[in-house]
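A closer look at the structure
The lines below spell out each chain.
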Amino acid sequence: MCGIFGCIARNAKAAPIIHAALKRLEYRGYDSVGIATIHKGKIYIKKDSGKIDDVHKLLNLDDMPGSLGIGHTRWATHGAPYQANAHPHTDCKGEIAVVHNGIIENFSELRNELEDLGHKFKSKTDTEVIPHLIEENMKKSLGLVESVREALKAVRGSYAIAVISSREPDKIVCARMESPLILGIGENAVYCASDVPAFLPLTNKAVVLENEEIAIIRPDGYEIRRITDWSLVERKLETIEWTAEMAEKQGYPHFMLKEIHEQPQCLRNTLRLQDKYLDLMATFLDRAQEIFLVAAGTSYHACLAASYMFSKIAYLAAHPVIASEFIEQEGMAVNINSTILAVSQSGETADTLEAVEYARLRAATILGLTNVVGSTLTRISRVYVVQQSGPEIGVAATKTFTSQLSVLAQLALRVAKIRGKVGHRQMEEIEKKMMEIPDIVERTIKENEEKAKKVAKKLKDKKIFFFLGRGISSATAMEARLKLMEITYIPAIAYPAGESKHGPISLIEPGLPVVFICPRDETRKTIVGNIMEMKARGAMIISVIEKGDEEIKKLSDEYFEIPGSLPEILSPIAFIIPLQLLAYYIAVEKGLDPDKPRNLAKSVTVK
Ligand code: F6R
């Protein structure tokens, strides 16, 4: 998730306006920053890696001529956060500059084609294909707008872009596909931005672009057209009533809720990861003699779920280990034949890094899954995959968890393919469902949010919760427990449901809420027995079920329904959603701030 901004003003210098707007977008990424302006037929660019303030101190971002320009604050996806990879990116002649938020899936093919045509690339980014494609189209005597349109027809993936050219210095051309883009209409200037806070101090008049739309903005107006059929789009100006703080959260009261709602898009991003890294990692995993999945907190729960995924479809044993226990538990067993797949959203968790460093010194192979390019984990991993969730600001991990699950499921599928263990039809079915997951999660949020609010009111004063699931759902239960505990401060217990009768059941008394995670998988029959056990002792049953599971519905005091059936290995991605919402709304009911739970930090860099 990066932030882009464009400004075309009547009588003002664009650079200081862009600089200030990028500061307001910094929450979207802070690996590098860059601005391009046009003055007297020439493009000026300043860009570097680092936070905006640091780069500004070095380069003085305000001191650039011209009343039109574009800017970018980067959350690295393709290519490490170096100066060359910072946006804006340009064509061969430096006549076109582009900023981009999103992922171009087919950039490798496009880059090869463009290199064959003689184009010279300066960065490792997916974005750089765009200015070169535009350049290629302009060579064919197309104007800037038409060239951008043709370029966008060639790319696959997600984008919000803003483009300027010294050959047509009277306009900014911007476009959107999946990544957000909003026009801000001022008295003497027009802006385009990834998000409203960027221009809110300048104007509260906005127009939201939809997918596959291009906007041409000029100091005195704008025009929106559909990329596909070039039809003109008439859209009313909206007046934004948000305060700056509300705008940063896109109108959501907390980052956690915003991030819960971002999950469909984050999951779509995970389906666009580059095959070569996933395949490489799958090859390492397939060849490994023993595998440890090492992580902390929520990331550990993703590993726990992954151990079921690898076993179920790839017939591969991968042992999940809590990072802070790894050296004690497995240390002496680690050697040159060990493979460690470390999972860490931040890539900076001290416990995880210590475990990884220990294993590295014992010659183990280190693989990493993280959300942060350039993090320590990426630097010490032999191969790493970046999950592309964008920055997560709420302390409680939500969108990064489901994205981790999606990437780990894709890895399991690839290993299964290499090993040829799973039949063609089953594989196709799982792959099909994998593509449907973002939509299923979107519907799950929509269909369960009101219910979560209602159930939260009912449960907010409960003193203790149980979370139970069988098989892969025991990982979902652990994660649901962590979400509830960390933001509501209500003690909670999570167990594999089969284990509950070996002790924890003695805690059950009438009215105690027990949350059951019940996908329709092989564990479905047995979990009904576990529900009965708890119900017989007066527990209040809250279940997460697949839509239409009437039997469990009848046994439940409250239930959340997941629309659509899912293969077992994918079920945690959807089944955790109502429980994230429930934890969130209980915290809100209790008057707590879910974004900043006491005693916790987003990235735990101490042991
Ligand atoms: C819980 C949470 C933490 C982190 C843990 C590991 O909501 O966010 O439990 O999952 O601190 O962090 P990363 O994944 O950055 O290593």
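Residues numbered from 1 in each chain as written. Predicted model: local features only at pLDDT ≥ 70, side-chain atom pairs only at ≥ 80, totals over all residues. Heavy atoms only, no water.

Another aspect to go through is the overall build of the protein. Helix and strand counts for the protein come out as 20 helices and 25 strands. In terms of C-alpha radius of gyration, the protein reaches 25 Å, essentially the compact-globule figure of 25 Å for 607 residues. Projected onto its principal axes, the C-alpha positions of the protein cover 80 × 55 × 45 Å. Sorting the 607 residues of the protein into buried and exposed places 62% on the buried side. In the protein, the proportion of contacts linking residues at least 24 apart, taken out of those at least 6 apart, comes to 71%. Surface accessibility of the protein: about 23,000 Å² in total, with carbon and sulfur atoms responsible for 50%. (Helix = DSSP H or I, 4+ residues; strand = E, 2+ residues; numbered from the N terminus. Rg over C-alpha atoms; globule rule 2.2 N^0.38 Å. Buried < 20%, exposed > 50% of the residue type's maximum accessible area, 1.4 Å probe, protein only. Contact = heavy atoms within 4.5 Å. Areas by Shrake-Rupley, 256 points an atom, 1.4 Å probe, with all protein chains shown as cover.)

This brings us to the sheet that holds strand 9 (residues 182-185). Spatial strand order, 3-2-4-1-10-9-11-15: eight strands in an open sheet with antiparallel pairing. Lying at the two open borders of the sheet, with one neighbouring strand each, are strand 3 (42-49) and strand 15 (238-239). Judged from the three bridges that link them, strand 9 and strand 11 (residues 205-208) form a sheet pairing that is antiparallel. Across the sheet, residue Leu183 finds its bridge partner in strand 11, namely Val207. Relative to strand 3, helix 2 (residues 52-59) is tilted by about 125°, and along the sheet it contacts strand 2 (32-39), strand 3 and strand 4 (68-74). (Pairing = 2+ DSSP bridges. Axes fitted to C-alpha atoms, helices over the stretch in contact; angles between N-to-C directions.)

In this chain, His87 is followed by Pro88 through a cis amide linkage whose omega measures 0°. Take Pro88: it is sitting in the loop between strand 4 and strand 5 (89-90). Phi at Glu178 is positive, roughly 70°, even though this residue is not glycine. Residue placement: Glu178 occurs in the loop between strand 8 (172-177) and strand 9. What makes Glu178 buried here is its relative accessible area of 17%. The phi angle at Glu212 is positive, at roughly 60°, despite the residue not being glycine. Owing to a relative accessible area of 37%, Glu212 belongs among the partly exposed residues under this scheme.

On to the environment of Leu566, then. Assignment of secondary structure puts Leu566 in the loop between strand 25 (558-562) and helix 19 (571-575). Sequence spacing of Leu566 and Ile336 is 230 residues, and the spatial spacing of their C-alpha atoms is 38 Å. Excluding its chain neighbours within four sequence positions, the residues that come into contact with Leu566 are Lys433, Ile437, Ile440, Glu546, Ser571 and Ala574.

Counting residues in each nonpolar core, the largest one holds 89 residues, and the members touching the most others are Met309, Phe310, Leu341, Leu408, Phe465, Phe467 and Leu570. Those residues in contact with Phe467 that sit more than four places away from it in its chain are Ala477, Ala480, Arg481, Leu484, Ala492, Ile493, Ala494, Tyr495 and Val515. (Core = buried A, V, L, I, M, F, W, Y, C linked by side-chain atoms within 4.5 Å.)

This brings us to the site of the ligand. Among the 14 residues in the neighbourhood of the ligand, the closest are listed as Ser299, Ser344, Ser346, Thr349 and Glu486. Contacts to the ligand include Glu486, whose side-chain N or O atom sits 2.5 Å from an oxygen atom. Elements with a contribution of two residues or more to the shell around the ligand: helix 10 (297-314) and helix 16 (473-488). The residue inventory of the shell around the ligand, partitioned by class, reads five nonpolar, seven polar and two charged. (Near = heavy atom within 4 Å. Polar contact = N/O pair within 3.5 Å; in protein donor to acceptor, adjacent residues only side chain to side chain. Nonpolar A, V, L, I, M, F, W, Y, C, P; charged D, E, K, R; others polar.)

Glancing now at the side chain of Lys249. Tracing the chain through its elements places Lys249 in the loop between helix 6 (244-248) and helix 7 (255-261). With residues near it in sequence (within four places) discarded, Lys249 still touches His254, Phe255, Lys258 and Asp595.

The next point concerns the sheet that holds strand 7 (residues 157-165). Sheet architecture is open: seven strands sit in the order 5-6-7-8-12-13-14, paired in antiparallel fashion. Single-partner strands in this sheet number two, and they are strand 5 and strand 14 (232-233). For strand 6 (residues 96-104) and strand 7, the ladder comprises nine bridges, and the chain directions are antiparallel. Bridge pairing links Ala97 to Ile164 in strand 7.

Two side chains that carry opposite charge are able to pair once their charged atoms sit near each other. All told, the structure shown has 43 salt bridges when counted by the stated rule. We note a salt bridge from Arg272 to Glu105, for which the minimum N-O separation is 2.4 Å. You can see Arg272 sitting in the loop between helix 8 (263-270) and helix 9 (275-287) and its partner Glu105 sitting in the loop between strand 6 and helix 3 (107-116), a full 167 residues away along the chain. Using a relative accessible area of 12% as the deciding quantity, one classes Arg272 as buried. For Glu105, a relative accessible area of 31% puts it in the partly exposed group. For the salt bridge of Arg520 with Glu546, the shortest nitrogen-to-oxygen distance reads 3.3 Å. Note that Arg520 is positioned in the loop between strand 23 (513-518) and helix 17 (524-536) and Glu546 in strand 24 (residues 540-546), a separation of 26 residues in sequence. On the basis of relative accessibility, which here comes to 42%, the residue Arg520 falls in the partly exposed class. Bridged by salt links that share partners, the residues Glu105, Glu109, Arg156, Glu178 and Arg272 form one connected network. (Salt bridge = Lys/Arg side-chain N within 4 Å of Asp/Glu carboxyl O.)

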